[in-house]
Amino acid sequence: MRQLAKDIDQFLNEIILKAENQHEILIGHCTSDVALTNTQEHILMLLSEDSLTNSELARRLNVSQAAVTKAIKSLVKEGMLETSKDPKDARVVFYQLTDLARPIAEEHHHHHEHTLSTYEQVATQFTPNEQKIIQRFLTALVGEIK
Ligand code: ZN
Ligand code: ZN
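Residues numbered from 1 in each chain as written. Chains lettered and ligands numbered in written order. Predicted model: local features only at pLDDT ≥ 70, side-chain atom pairs only at ≥ 80, totals over all residues. Heavy atoms only, no water.

1. Details of the coordination of the zinc ion (ligand 2)
Metal coordination angles in their ideal form are 109.5 degrees for the four-donor tetrahedron and 90 or 180 degrees for the six-donor octahedron. Threshold: The donor set covers N, O and S atoms within 2.8 Å of the metal, switching to 3.2 Å for Na, K and Ca, and it leaves out water, so a site may look short of donors. Labels follow the DSSP assignment, with helices taken as runs of H or I lasting at least four residues and strands as runs of E lasting at least two, numbered in each case from the N terminus. A 1.4 Å probe rolled over the protein chains alone gives each residue an accessible area, and that area as a share of the maximum for its type sets the label: buried under 20%, exposed over 50%, partly exposed in between.
All of the protein donors around the zinc ion (ligand 2) are Glu-24 (OE), Glu-24 (OE), His-42 (ND1), His-108 (NE2) and His-112 (NE2); their distances to the metal are 1.9 to 2.5 Å. Positions of the donor residues of the zinc ion (ligand 2), expressed as sequence spacing, correspond to E-x17-H-x65-H-x3-H. Taken together, the residues span about one helical turn, with His-108 and His-112 both in helix α5 (residues 102–123) at a distance of four residues. Pair check on accessibility: His-108 and His-112 agree, each one buried.

2. A short note on the nonpolar core
How we decide: To form a nonpolar core, buried Ala, Val, Leu, Ile, Met, Phe, Trp, Tyr and Cys residues must be joined to one another through side-chain atoms within 4.5 Å. Here, two residues are considered to be in contact whenever any of their heavy atoms come within 4.5 Å of each other.
Counting residues in hydrophobic clusters, the biggest one holds 21 residues, and the most contacted among them are Ile-43, Leu-44, Leu-47, Leu-57 and Leu-81. Of all the elements in the fold, those that place two or more residues in this core are α2 (38–49), α3 (54–61), α4 (65–77), β2 (89–97) and α5. When residues of this core are assigned to their parent elements, the largest contribution, five residues, is made by α2. In this structure, Leu-57 is in contact with Ile-43, Leu-46, Leu-47, Leu-52, Val-68 and Ile-72, ignoring residues within four places of it in sequence.

3. Some details on the coordination of the zinc ion (ligand 1)
Counted only if it meets this: All geometry calls rest on donor angles, where a four-donor set with angles between 85 and 135 degrees is tetrahedral, four- and six-donor sets with opposite donors more than 155 degrees apart and all others between 65 and 115 are square planar and octahedral, and all else is irregular.
Taken together, Cys-30 (SG), Glu-41 (OE), Glu-41 (OE) and Glu-107 (OE) make up the full set of protein donors to the zinc ion (ligand 1), lying 2.1 to 2.7 Å away. Coordination at the zinc ion (ligand 1) is irregular, judged from the four donor atoms that bind it and the angles of 52 to 121° they form at the metal. Written as a sequence motif, the donor residues of the zinc ion (ligand 1) are C-x10-E-x65-E. One end of the pair, Glu-41, is in helix α2; the other, Glu-107, is in helix α5, with 66 residues separating them in the sequence.

This is the structure in structure tokens:
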């Protein structure tokens, strides 16, 4: 049992190392040839699916509004995003992807799909009963960490 506790400790610490300053963990390498942060790519992906405001983006990404503002600013500067104001409320700004940004959003989406299918592949190495136990374990662990 003590060994399992140590393994969990090591697992969580490895996640921290892998995550560095990123807001998410993805398996495999980014194949986009434009140097953007994960957060910037994720913003492009979200905006390609939905029309979102600054505060909605912050909520979805679980980062501060200031962090979103900073990421958006450089995306606009790099010609990835265009802004438009809400005709009903000029304080609300919406963002649209440029042609330059669309393939990056697509690539990021595929990267997420690849990550999920990797986890699925790992999970199928276990019997359905074992998978249920793993799920219970993860729920309990996340409950403690939160
Ligand atoms: Zn990418
Ligand atoms: Zn992402």
